[in-house]
Amino acid sequence: MKQILVMMAFMALSCQGQSTSKSQSQSTTVGKDGKVVKTDAQWKAELTPEQYDVLRLKGTERPFTGEYNEHFEKGTYVCAACGNPLFVSDSKFKSECGWPSFDKAIKGSVVFLEDNTLGMNRTEVECARCGGHLGHVFDDGPTATGDRYCTNSVSIKFVAGGK
C-alpha cells in the first residue's frame, strides 16, 4: 500500500511538472523596455511555418499571393507575432508591387535597419515590440510622404474598425 501511495505521489508531481513547463514555454515575457522576449522554440510553436520564415528569419512571401495585397477595409494592421498596432488602413494604397503597401507607420511602432543583403542597399522595417521582420520601406511612394512600406501579408493581421 505504501508503494502505491509513493507511486501515485510521484505520478502527480510528474504531471504537475509537465503542465508547468508547458505553460511557461508558451508564456510571453515583456522586458522593462516593453519589448516581447521569447525563445526561438516559442516563436516556432506560435507562428505558422511561413510566418516564422518571414517574421523571424527575414524571409519574403511570393508577390501577389498575400492575403492583404488587395485588401482595403477600414481598420488597423497589427503585427502577426505580438499584436503591436503598425498601420492604419488610411495609410494603405494600391501599389502594384505584389505586397501590401502603406505610406506611413503608426508613430513608434516600427524600427528601421540597414539591409545590404542580396547586393542591394535597402531599409528593413521591423516591429518595434517584438523585432519581427515586416518588409522594407522605399522612397518611391505615390503619396505626399513619398514612402512605400512594402509589407509581407503573413507578418500582419487586420483588425476591422477604427479610423
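Quick caveat, the model's predicted, so the values are computed rather than measured. (Residues numbered from 1 in each chain as written. Predicted model: local features only at pLDDT ≥ 70, side-chain atom pairs only at ≥ 80, totals over all residues. Heavy atoms only, no water.)

**Examining the sheet that holds strand β7 (residues 110-115)**
Reasoning step 1: Strand order in the open sheet formed by six strands is β5-β6-β10-β9-β8-β7, and the pairing between neighbours is antiparallel. In the strand order of this sheet, the two ends are held by β5 (92-93) and β7, each with one partner.
Reasoning step 2: Pairing of strand β9 (residues 133-138) with strand β10 (residues 148-151), which is carried by four bridges, proceeds in the antiparallel orientation. The residue bridging V137 from the neighbouring strand is Y149, located in β10. (Pairing = 2+ DSSP bridges. Helix = DSSP H or I, 4+ residues; strand = E, 2+ residues; numbered from the N terminus.)

**Some thoughts on the sheet that holds strand β4 (residues 85-88)**
Reasoning step 1: Taking strand neighbours across the sheet as the criterion, the three strands line up as β4-β3-β11 in an open arrangement whose pairing is antiparallel. Strands at the two margins of the open sheet, each flanked by one partner only, are β4 and β11 (156-160). If you compare each strand with its neighbour and ignore which way they point, the axes differ by 30° on average. (Axes fitted to C-alpha atoms, helices over the stretch in contact; angles between N-to-C directions.)

**Some points on the environment of H133**
Reasoning step 1: Following the sequence through the fold, H133 ends up in strand β9.
Reasoning step 2: Placed 52 residues apart in sequence, H133 and A81 show a C-alpha to C-alpha distance of 9.9 Å.
Reasoning step 3: Setting aside anything within four residues of it in sequence, one finds H133 in contact with V54, L55, K58, G59, E124, V125, E126, N152 and S155.
Reasoning step 4: A distance of 2.8 Å separates the side chain of H133 from the side chain of E124, its partner in a polar contact. (Contact = heavy atoms within 4.5 Å. Polar contact = N/O pair within 3.5 Å; in protein donor to acceptor, adjacent residues only side chain to side chain.)

**Looking at empty space enclosed by the protein**
Reasoning step 1: Under the definition given, this model contains one cavity of 30 Å³ or more.
Reasoning step 2: The calculated volume of the largest cavity comes to roughly 40 Å³. (1 Å grid on protein atoms, 1.4 Å probe; cavity = no way out; pocket = protein on both sides within 12 Å on 5 of 7 lines; lining within 4 Å. Points joined across faces, edges and corners; volume = space filled by probe spheres on them.)

Function cannot be read off these values alone, since they describe shape.
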